[in-house]
Amino acid sequence: MKSLCRLARALPLLALIVILAQAQTPEFPQLTNADFETGEPGAEPPGWRVPAALRRSGYTAKLVTELPAQGQSCVLLTSLDVVTDANAFGNLLQSIDAAPFRGKRVRFRAAVRAEVAGRDRAALWLRVDRAAPAGGPAPMGFFDNMADRPITAKIWTHYEIVGDVAADATQIFVGCMLLKTGRVWFDDASLEILGDAVPAVVEAPRPLTSQGLANIVAFTRLLGYVRYFHPSDEAATVNWETFAITGIRRVESAGNVEELARALGNLFAPIAPSVQITTVAPSAALGSTPPAGRIMQWQHVGLSGGGLGPSIYSSKRVARTFPGPDEKADLRFAPWTASLGGGVECAVPLTVALVDGETLPRYVPARSGASAKTTALPPPTGGSANPADRATRLAVVALAWNVLQHSYPYFDAVTTDWPDELQAALRRAATDADALTFLSTLRRLVAALHDGHGNVNYRENPRSALPGFRAEWIEDQWIVVSVAENSGSAPALAVGDAIVALDGRPIAAAVADIEAEISGATPQWIRSKAARQLFAGPLGSKLGLEVAPFATPAERRTIAVARTVPESATVKRPHETLFEVEPGIFYLDLDRLKTADFLAALPKLEKARGLVFDLRGYPAGLNAFEFFAHLSRDPLTSAQWHTPHISRPDHTDMNFVRGGEWRITPKEPYLAAKRAFITDGRAISFAESCMGIVEHYKLGAIVGETTAGTNGNINTMALPGGYSIIWTGMKVLKHDGSRHHGVGIAPTIPVKPTRAGVIAGRDELLERAISAVKDE
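Thresholds applied
- Residues numbered from 1 in each chain as written.
- Predicted model: local features only at pLDDT ≥ 70, side-chain atom pairs only at ≥ 80, totals over all residues.
- Heavy atoms only, no water.
- Helix = DSSP H or I, 4+ residues; strand = E, 2+ residues; numbered from the N terminus.
- Buried < 20%, exposed > 50% of the residue type's maximum accessible area, 1.4 Å probe, protein only.
- Contact = heavy atoms within 4.5 Å.
- Areas by Shrake-Rupley, 256 points an atom, 1.4 Å probe, with all protein chains shown as cover.
- Expected span 1.5 Å × (residues − 1).
- Polar contact = N/O pair within 3.5 Å; in protein donor to acceptor, adjacent residues only side chain to side chain.
- Pairing = 2+ DSSP bridges.
- Axes fitted to C-alpha atoms, helices over the stretch in contact; angles between N-to-C directions.

## Regarding the overall build of the protein
In terms of helices and strands, the protein carries 17 helices and 38 strands. Counting only residues that meet the buried cut, the protein has 51% of its 776 residues in that class. Taking all contacts inside the protein whose residues are at least 6 apart in sequence as the whole, residues at least 24 apart take part in 73%. A total accessible area of about 33600 Å² is found for the protein, and carbon and sulfur atoms account for 53% of it.

## Let's talk about helix α7 (residues 257-268)
In this model, α7 (12 residues) spans 16 Å end to end at C-alpha, consistent with the 16 Å of a helix rising 1.5 Å per residue. Along its buried surface, α7 packs onto α4 (210-229), α6 (240-251), β10 (276-278), β13 (336-341) and β14 (344-348). A distance of 3.1 Å separates the backbone nitrogen of Glu 258 from a side-chain oxygen at the start of α7, and that oxygen is part of Asn 256.

## Here we look at the sheet that holds β14
Strands in a sheet are paired, the pairing made by backbone hydrogen bonds, and the direction either parallel or antiparallel. With antiparallel pairing, three strands are arranged side by side in an open sheet as β10-β14-β13. Of all the strands in the sheet, just β10 and β13 have a single pairing partner and so form its edges. This sheet shows a mean twist of 20° between the axes of neighbouring strands, independent of strand direction. As paired strands, β10 and β14 are joined by three bridges and run antiparallel to one another.

## As for the environment of Ile 646
Checked against the element boundaries, Ile 646 lands in strand β30 (residues 640-646). According to the relative accessible area criterion, Ile 646 is buried, its value standing at 3%. With 347 residues separating them along the chain, Ile 646 and Gln 299 place their C-alpha atoms 7.0 Å apart. Discounting residues that sit within four places of it in the chain, Ile 646 has contacts with Phe 229, His 300, Gly 302, Leu 303, His 406, Ser 407 and Met 654.

## Description of the sheet that holds strand β34 (residues 701-704)
One open sheet holds the six strands; their spatial order is β26-β27-β28-β33-β34-β38, and the pairing between them is mixed. Edge strands, defined here as strands with exactly one partner in the open sheet, are β26 (578-582) and β38 (749-750). Pairing geometry for strand β27 (residues 585-589) and strand β28 (residues 610-615), over five bridges, is parallel. Paired with Phe 586 across the two strands is Leu 611, which belongs to β28. The strands touched by helix α13 (residues 595-605) are β26, β27 and β28; relative to β27, the strand with the most contacts, the crossing angle is about 165°.

## What to know about the side chain of Gln 640
Summarising the element assignment, Gln 640 is placed in strand β30. Here Gln 640 falls in the buried class, since its relative accessible area comes to 9%. For Gln 640, the side chain forms a polar contact with the side chain of His 642, separated by 3.0 Å.

Here it is in structure tokens:
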């Protein structure tokens, strides 16, 4: 305003009117009340709204005048003090007609500061809605909710989201979110056009050269170091998906080590100005001694994979005073130094100075008169992330490999050459023909973790179906264990048949391909997943089978079976959920049993002489606290849970903090009957937490086969192009501190089903469990 007053004194009135009109009449619509200067303190800001459902959940947004980022007021978004729903979030939003922005690249920018704790966080978001074609769903428009760069800073910082508006866009939504609990201040918002949308770049598949592979590996390693461990303000606001795609395009063509070092330097200097990239050993003095005062560091509990769903894992930058109580002022904070491959070395400071609320040093572009606060990030790649684009696929591999490289807790328990897996996945990704072929590449990468939770999903993966029969690995063959009455395969396919070929191909070869994409810590878990995936295919398609009957194996026959059963269909056992097998002996299927039904049955279970609990799967509806409270007269705990606290790259000095285990208090009535628990390789995670209690406290005989050998809370990460990965994020040890991963819970009474037993319709594991509680 002062500058306009000086201008008024210097110019004629008519000229001033023209200038003011030009300054106040933009070429495109503006957000309403973007500076939050309109409205009454304590009220919701005009032009913005918190959806009614979120207001009912306790989230409010009101104008406040305390310490705004600019002007006289800002918005404070708050929650209730306690929010029980792990998925809860508050959201202040505004929508604007997309028509004037069609075909343009836009930037949503705002100042945010947050007071959040633990895993709670804030985020800006931008969504572009597109028109739905006749008779079909609306195609996906641009969307970014800062999932890969959550806001946790207590100081005002400007964040931005850049994206393209499709030619058929209808609405643009922008806003600020509070994930779960805390307080978030929001101010100085703007939505502006940066220029024309950048045409989508779709690079065709082609092999990587040896030099190109080395270049991308070096970029990948540095990407992880800077993203997760360099705590600069610039790095904290980067859209890493876009940066990864852009970076791969720029570094792959480097022809020698000098060009590679130069390309990496140009990419990373704007976001990590104190990082050193050289072709010789970097200076040991770099960042060696932080100045006394405030410093910034990353604090990782696990690693935040970027999802907005419930998680025990978090990543945030924390400011603290240096030196601390147990530190000396001359303590040397050596940077992380590493060889990136391709002849390039790096030194990445893990701590930076914090002065006047900003991390130092700031990036200064190499041009005359540049401001110390100017950040010249590389422009985003053209268009949305598209798995048909080669650079997008390579970037997905780089991002996925890094989050696992720095956080997977079981590299000490598995024999995997993870750097070699990176190169193998990059080679395949470069030549993958389509999105589904690339899905196979990602699954092979995650399979190398040997993690039963490990998996890859793709949002556009076609729904598949199963034929109306089930087969299991029995006596080293794939044996048909059930045939549905309406499967259309009877009487040609019979229980007990051995499947020897699929669609004319030996089944061993088909199994090898399937199992190469299944992540598992034990063979029994991998086989249990293969039993479903092996026979899956498009709904309604035919599966050709070559089978060998039990009595006359030489008389093989070929049949075709339709896939009519949704792959997600639950496999139900032929037994009731809870019933009396014979007087005084009860069977309970814990995979299907509801806690309310268990509690209702306690009076008759208390009088039983034998109890058989079936845990050949996942007890999703069981309350473990209520269940185990009636199986012991003494308090019980679950196995040891250890969450990784990560401060240095490459799982170096990974510190595991124990905590969060179940503590179960006994309740009446106590079920004194003799007990047996049936289990097998399908029991994983929560099921193994239950079976671990049974094993350690000797609550009953364990009948059947060894469990899957994978336990611990999962972590997840969304990736460009519609992919996402899942993995185990914490380490679980048995009660005595010994290893569980890849070991599992072994039976005290080993039993395996037989082909003859299947044909006879017998459940041999159940029979043996009944025998165990009868003392036979």
